[in-house]
Amino acid sequence: MREPVSGHRAPGQVVRAAGDIVVGVDGSAAPTAALRWAALQARALRAEVTVVHAWEPTVRGLAPYAPVSARPTAEEERLRAAQVLAATVREVLGHRVDTCVRAVLVEGPPAPVLLRYARGALLLALGRGARGEPGLSPVGAVGRECLRHAVVPVMAVPAAPRTPAVSASATAPVAVPSGRGAA
């Protein structure tokens with residue numbers, strides 16, 4: 001059993017070893033890159049990784065006149081969130097997950113949940129959009145909130161840049177002239 005970071009525990013406080021790297025994931029590319037980075041760092045630092053997926057019921061986002069059949073149940077939403085978490089961990093770490101990785105599913109707003117889990121951690125790793133995506137801020141609302149209020153270092157890991165689809169002709173070998181006149 002791991003000891004709490006502080007001598008006492010307040011209600012809602014998460015207890016973990018001081019060497020954890022906490023990663024927030026939501027199934028998109030940027031947080032997946034953050035988990036990949038955190039797993040490599042944890043291995044190098046002999047730290048543990050706590051992968052957190054915070055979810056909120058979508059009922060609040062539906063119009064009051066939306067048919068009941070269109071509203072997923074809380075259990076369906078929790079199951080969907082668990083599937084996102086499991087798929088993200090499996091995509092990055094494979095089917096055999098180290099014992100030093102702990103996946104946590106929490107119902108609640110993402111920023112406060114991540115900040116609560118990051119208290120006492122080594123650092124908090126979040127994904128951010130790749131540079132150059134027009135119209136998109138590289139750090140989303142959750143990332144900005146975490147950067148404002150975190151009491152531990154926050155690492156914003158960029159998503160891999162999107163590469164344009166390569167046509168067959170673009171992959172064909174190209175003859176490069178040699179000798180005089182070659183640039």
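In the block above lies the structure referred to throughout.
Criteria and thresholds
- Residues numbered from 1 in each chain as written.
- Predicted model: local features only at pLDDT ≥ 70, side-chain atom pairs only at ≥ 80, totals over all residues.
- Heavy atoms only, no water.
- Helix = DSSP H or I, 4+ residues; strand = E, 2+ residues; numbered from the N terminus.
- Buried < 20%, exposed > 50% of the residue type's maximum accessible area, 1.4 Å probe, protein only.
- Contact = heavy atoms within 4.5 Å.
- Areas by Shrake-Rupley, 256 points an atom, 1.4 Å probe, with all protein chains shown as cover.
- Salt bridge = Lys/Arg side-chain N within 4 Å of Asp/Glu carboxyl O.
- Axes fitted to C-alpha atoms, helices over the stretch in contact; angles between N-to-C directions.
- Parallel < 35°, antiparallel > 145°, perpendicular 65-115°, else oblique.
- Left-handed = near helix turned anticlockwise from the far one by under 90°.
- Pairing = 2+ DSSP bridges.
- Core = buried A, V, L, I, M, F, W, Y, C linked by side-chain atoms within 4.5 Å.

Asker: Got a minute to help me understand the overall build of the protein chain in this structure?
Answerer: Each helix and strand in the protein chain was counted, giving five helices and five strands. Walking the protein chain from its N terminus toward its C terminus, one meets helices and strands in the order β-α-β-α-β-α-β-α-β-α. Taken across its 183 residues, the protein chain has 31% of its residues classed as buried. Residue pairs at least 24 apart in sequence account for 72% of intrachain contacts in the protein chain once pairs closer than 6 positions are excluded. Of the roughly 11,800 Å² of accessible surface on the protein chain, 58% is carried by carbon and sulfur atoms.

Asker: When you look at the pattern of salt bridges in this model, what are you seeing that I'm missing?
Answerer: In a structure, side chains of opposite charge can pair up when their charged atoms sit close to one another. Evaluated as defined, the whole model comprises two salt bridges. Two residues, Arg78 and Glu75, come together in a salt bridge whose shortest N-O distance is 2.8 Å. Placement of the pair is Arg78 and Glu75 together in helix α2 (residues 74-93), with a separation of three residues, close to one helical turn. Judged by its relative accessible area of 34%, Arg78 falls in the partly exposed class. A salt bridge links Glu145 to Arg148; its shortest N-O distance comes to 3.1 Å. Of this pair, Glu145 and Arg148 both sit in helix α4 (residues 141-149), three residues apart, which is roughly one turn of the helix. The exposure class of Arg148 is exposed, given its relative accessible area of 57%.

Asker: Sorry if this is basic, but what is going on with the packing of helix α3 (residues 110-118) against α4 here?
Answerer: To characterise two packed helices, one gives the angle between the axes of the helices and the distance between these axes. As a packed pair, α3 and α4 sit with axes 9 Å apart at the nearest point and diverge in direction by 40°. In terms of axis orientation, α3 runs oblique to α4. Here α3 and α4 pass one another in a crossing that is right-handed. Together, Pro110, Ala111, Leu114 and Leu115 of α3 and Val142, Glu145, Cys146 and His149 of α4 make up the contact between the two elements.

Asker: Mind showing me how you'd approach unusual backbone geometry here?
Answerer: For residues other than glycine, phi is negative in most cases, and the peptide bonds are mostly trans. For Arg46, which is not glycine, the phi torsion reads 55° and is therefore positive. By the secondary structure assignment, Arg46 is in the loop between α1 (29-45) and β2 (49-55).

Asker: What exactly am I supposed to notice about the environment of Asp98 here?
Answerer: In this structure, Asp98 sits in the loop between α2 and β3 (101-107). The exposure class of Asp98 is partly exposed, given its relative accessible area of 41%. Spatially, the C-alpha atoms of Asp98 and Ala39 are 9.8 Å apart, while their sequence positions differ by 59 residues.

Asker: Help me understand the sheet that holds β3, please; the structure alone is not making it clear to me.
Answerer: What holds strands together in a sheet is hydrogen bonding between their backbones, with the strands either parallel or antiparallel. Spatially, β3-β2-β1-β4-β5 is the arrangement adopted by the five strands of the open sheet, whose pairing is parallel. The sheet is open, and its two edges are formed by β3 and β5 (154-158), each paired on a single side. Between one strand axis and the next, the sheet turns by 25° as a mean value, whatever way the strands run.

Asker: Please clarify how the nonpolar core should be interpreted in this entry.
Answerer: If you look at soluble globular proteins, the nonpolar side chains tend to sit buried side by side. Ranked by internal contacts, the top residues of the largest apolar core, which has 18 residues, are Ile21, Val23, Val25, Leu35, Val49 and Val51. When residues in this core are grouped by element, the largest group, five residues, is from α1. In this structure, Val106, Ala111, Val113 and Ala121 belong to the second largest nonpolar core, which totals 16 residues.

Asker: Could you clarify how one ought to interpret the environment of Ala87 in this entry?
Answerer: Within the secondary structure, Ala87 is located in helix α2. Residue class for Ala87 comes out partly exposed when judged on its relative accessible area of 35%. Note: C-alpha distance between Ala87 and Gly27 (60 residues apart in sequence) is 7.7 Å.

Asker: So what exactly am I meant to see when it comes to α3 here?
Answerer: An α-helical segment advances 3.6 residues per turn. Residues three or four places apart therefore align on the same side. All of the buried residues in α3 are Ala111, Val113, Leu114, Leu115, Tyr117 and Ala118. Where α3 is buried, its residues contact β1 (21-24), β2, β3, β4 (123-128) and α4. After α3 finishes, the residue Gly120 shows a positive phi value of roughly 85°.

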